[in-house]
Amino acid sequence: MSRRLRHELSPRRAFALSASALLAAAALAGCVESASDVAPGVDSAQFVRREDASMAGATMAVVSIEGAPAELSDRFRQSLDQAAAQRQIAVAPPTTARYLIRGYLSASPAENGARIDFVWDVFTPDKQRVQRLSDAMLVQGSGDDAWAMVDEAALDSIAAKCADDLAAYLSNTPEAAPGAALSYAQ
């Protein structure tokens, strides 16, 4: 039996097993991005908007919004664009933006209405995620379809809260220059 063990654990086989174990560990390590992504009840860090920051250098582009019905998603994007402009968020085309934003919306029934959860993943142009922002709002209403409770006023409130969260994050990035405004010489 010991002869059989020696044969199974030959240097070639031991190397193959070790290499397989290392590859499996590396693959599994890529499945979890951070402890906050998997810890139950742990929210992403929330940011406070820096009022002294100009976000002109922290340009963003919303590249996708998923989860809501198509018609609602289109109206939400328009409302989000208006809310972003009101908060002096610098929007740029995806090809030149410093940050690419992917949004996810979900709706679930809640007591006296619906809970709308939203998540924003913030990426660099080279597709490295630098931040995840998450928040939720309650919408008053009744019925079985949570999305049906989201009227124009609720949609505008959700977009405003999303823009507040994005502005808070962007105002804390290295590209957000101190000062109320940048001069044209910059």
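Below, the structure is looked at part by part. (Residues numbered from 1 in each chain as written. Predicted model: local features only at pLDDT ≥ 70, side-chain atom pairs only at ≥ 80, totals over all residues. Heavy atoms only, no water.)

A closer look at the sheet that holds strand S2 (residues 60-66)
And step 1. Pairing is mixed across the open sheet formed by four strands, whose spatial order is S2-S3-S4-S5. Edge strands, defined here as strands with exactly one partner in the open sheet, are S2 and strand S5 (129-140). Shown here is a sheet whose adjacent strand axes are inclined to one another by a mean of 20°, direction ignored.
And step 2. In terms of strand pairing, S2 meets strand S3 (residues 99-110) through six bridges, oriented parallel. Bridge pairing links Ile65 to Gly103 in S3.
And step 3. Of the strands in this sheet, S2, S3 and strand S4 (113-123) touch helix H4 (residues 70-86), which is tilted by about 155° from S2.
And step 4. In the packing of helix H5 (residues 152-170) onto the sheet, the strands contacted are S2, S3, S4 and S5, and the crossing angle to S5 comes to about 155°. (Pairing = 2+ DSSP bridges. Helix = DSSP H or I, 4+ residues; strand = E, 2+ residues; numbered from the N terminus. Axes fitted to C-alpha atoms, helices over the stretch in contact; angles between N-to-C directions. Contact = heavy atoms within 4.5 Å.)

Concerning the nonpolar core
And step 1. Ranked by size, the top nonpolar core spans 36 residues in total, and within it Phe76, Leu80 and Trp120 carry the most contacts.
And step 2. Where this core is concerned, the elements lending two or more residues are S2, H4, S3, S4, S5 and H5.
And step 3. For this core, the leading source of residues is H5, giving 10 residues.
And step 4. Every residue in contact with Leu80, bar those within four places of it in the chain, is listed here: Val62, Ile65, Trp120, Ala159, Cys162 and Ala163.
And step 5. Core analysis: the next-biggest nonpolar cluster, separate from the first, contains five residues, Ala61, Ala92, Leu100 and Phe123 among them. (Core = buried A, V, L, I, M, F, W, Y, C linked by side-chain atoms within 4.5 Å. Buried < 20%, exposed > 50% of the residue type's maximum accessible area, 1.4 Å probe, protein only.)

A closer look at the pattern of salt bridges
And step 1. Scanning all chains against the criterion turns up nine salt bridges.
And step 2. For Arg87, the salt bridge is made with Asp164, and the minimal N-O distance between the two is 2.4 Å. Here Asp164 lies in helix H5 and Arg87 lies in the loop between H4 and S3, a separation of 77 residues in the sequence.
And step 3. Among the residues examined, Arg87 registers a relative accessible area of 14% and is labelled buried. (Salt bridge = Lys/Arg side-chain N within 4 Å of Asp/Glu carboxyl O.)

Brief notes about the pairing of S5
And step 1. When S4 meets S5, the two strands line up antiparallel, connected through 11 bridges. Following the sheet pairing, Phe118 is matched in S5 by Asp135.
And step 2. The turn joining S4 and S5, which pair antiparallel and follow one another in sequence, is formed by five residues; a positive phi near 70° is taken by Lys127.

Overview of the packing of aromatic side chains
The geometry of an aromatic ring pair is captured by the separation of the ring centres together with the interplanar angle, meaning the angle of the planes.
And step 1. Within the structure shown, the criterion is met by two aromatic pairs.
And step 2. Considering the side-chain rings of Tyr99 and Tyr169, the 6.2 Å spacing of their centres and the 80° angle between planes classify their relative orientation as edge-to-face. Here Tyr99 is found in strand S3, whereas its partner Tyr169 is found in helix H5, with 70 residues between them in sequence.
And step 3. Residue Tyr99 is classed as buried on the basis of its relative accessible area, which comes to 6%. (Phe/Tyr/Trp six-rings, centres within 6.5 Å; stacked < 30°, edge-to-face > 60°.)

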